[in-house]
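One-letter residues, chain by chain:
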Amino acid sequence: MPQAPASEKQAAGPQEDCEGGRRRRWWGLLATVGVGGTLVALYAVVTPFVTPALRKVCLPFVPATSVQIQNVLKMLENRSGSVVDIGSGDGRIVIAAAKRGFRAAGYELNPWLVWYSRYRAWRDGVHQNTKFYISDLWKVSFSHYTNVVVFGVPQMMPQLEKKLEEELECNARIIACRFPFPCWIPDHTTGEGIDTVWAYDLKRSRRCETKSLEITPETES
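As a starting point, this report considers the structure included with it. (Residues numbered from 1 in each chain as written. Predicted model: local features only at pLDDT ≥ 70, side-chain atom pairs only at ≥ 80, totals over all residues. Heavy atoms only, no water.)

1. Observations regarding the nonpolar core
Working step 1: Counting 25 residues, the largest nonpolar core has Val 72, Leu 76, Val 83, Val 149 and Ile 175 as the members making the most contacts within it.
Working step 2: Ranked by residues supplied to this core, first place goes to helix H3 (residues 92-99) with six residues.
Working step 3: Excluding anything up to four places from it in sequence, Ile 175 contacts Val 72, Met 75, Leu 76, Val 148, Val 149, Val 150, Val 197, Trp 198 and Ala 199.
Working step 4: Ranked by size, the runner-up nonpolar core spans 24 residues in total, among them Ile 86, Met 157, Leu 168 and Phe 181. (Core = buried A, V, L, I, M, F, W, Y, C linked by side-chain atoms within 4.5 Å. Buried < 20%, exposed > 50% of the residue type's maximum accessible area, 1.4 Å probe, protein only. Helix = DSSP H or I, 4+ residues; strand = E, 2+ residues; numbered from the N terminus. Contact = heavy atoms within 4.5 Å.)

Structural data, given as structure tokens:
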């Protein structure tokens, strides 16, 4: 069998090396783009979850259990007015309240959870009775709500107790889940363990019962 001249072999060697180098550079570029894109996407997803943890008071997202939702709804029985969930997460409390006929709103710092909550409300057909806001709870006044639901952590409860007492009307009811308020005495309690729910009627906690005025007759001088 005839063999290729040595000169042809020598010419083919550098050409193959050049093509191999191009392929390696191409795959290296694809790998770099892929890793970079993954890191950017991961940063975009994780940042909204991590940022709240870097604040003074951490309010992590822990989804409410079905038992907690039922206990909250039990505390809303025979109540009227609007409902607000402070730290509404994925919106399940707000949506459950809307299904019971309330106009309900949720305040959440994580924009991804707010957008997901809006989608869930639309999917469940209650988007007209729900509102979800991307907001820091410390920068919002809850004065126009009569039913307030709180999924808090122990570090924030004393400060939140003071804030709500200053802002809410006497007919308001505050429903605390997982952790009670430090100073108020609950008017109603239901559930066990992490599903425990405490309800506080502000008119009793604040002692703002209406007192009748005593009118003394004027005496003639």
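2. Re the pairing of strand E7 (residues 197-201)
Working step 1: Within E7, five of the five residues are buried, leaving the element largely enclosed by the surrounding structure.
Working step 2: The two faces of E7 match: Val 197, Ala 199 and Asp 201 on one face and Trp 198 and Tyr 200 on the other face are all buried.
Working step 3: Alignment of strand E5 (residues 173-177) against E7, held across five bridges, turns out to be antiparallel. Among the inter-strand pairings, Ile 174 is bridged to a residue of E7, identified as Tyr 200.
Working step 4: Bridge analysis of strand E6 (residues 188-190) against E7 gives three bridges, and the strand direction is antiparallel. Within E7, the position partnered with Thr 190 by the bridge is Val 197. (Pairing = 2+ DSSP bridges.)

3. Some details on the packing of aromatic side chains
Working step 1: Scanning the entire structure with this criterion turns up 10 aromatic pairs.
Working step 2: Each ring, one from Tyr 107 and one from Phe 142, has its centre 5.4 Å from the other, and the planes form 90°; the classification is edge-to-face. You can see Tyr 107 sitting in strand E2 (residues 104-108) and its partner Phe 142 sitting in the loop between strand E3 (130-134) and strand E4 (147-151), a full 35 residues away along the chain. Accessibility classification places Tyr 107 together with Phe 142 in one group, the buried group.
Working step 3: Note on Phe 181 and Tyr 200: the rings are 5.3 Å apart at their centroids and 80° apart in plane angle, and the pair reads as edge-to-face. One end of the pair, Phe 181, is in the loop between E5 and E6; the other, Tyr 200, is in strand E7, and 19 residues separate them in sequence.
Working step 4: For Phe 181, a relative accessible area of 3% gives the class buried. (Phe/Tyr/Trp six-rings, centres within 6.5 Å; stacked < 30°, edge-to-face > 60°.)

4. Quick look at the side chain of Arg 178
Working step 1: Along the chain, the position of Arg 178 falls in the loop between E5 and E6.
Working step 2: Buried within the structure, Arg 178 lacks any salt-bridge partner; Asp 195 is the closest side chain of opposite charge, at an N-O distance of 6.7 Å.
Working step 3: Engagement of the side chain of Arg 178 in a polar contact is seen with the side chain of Gln 68, the distance being 3.2 Å. (Lys, Arg positive; Asp, Glu negative; His and termini not counted. Salt bridge = Lys/Arg side-chain N within 4 Å of Asp/Glu carboxyl O. Polar contact = N/O pair within 3.5 Å; in protein donor to acceptor, adjacent residues only side chain to side chain.)

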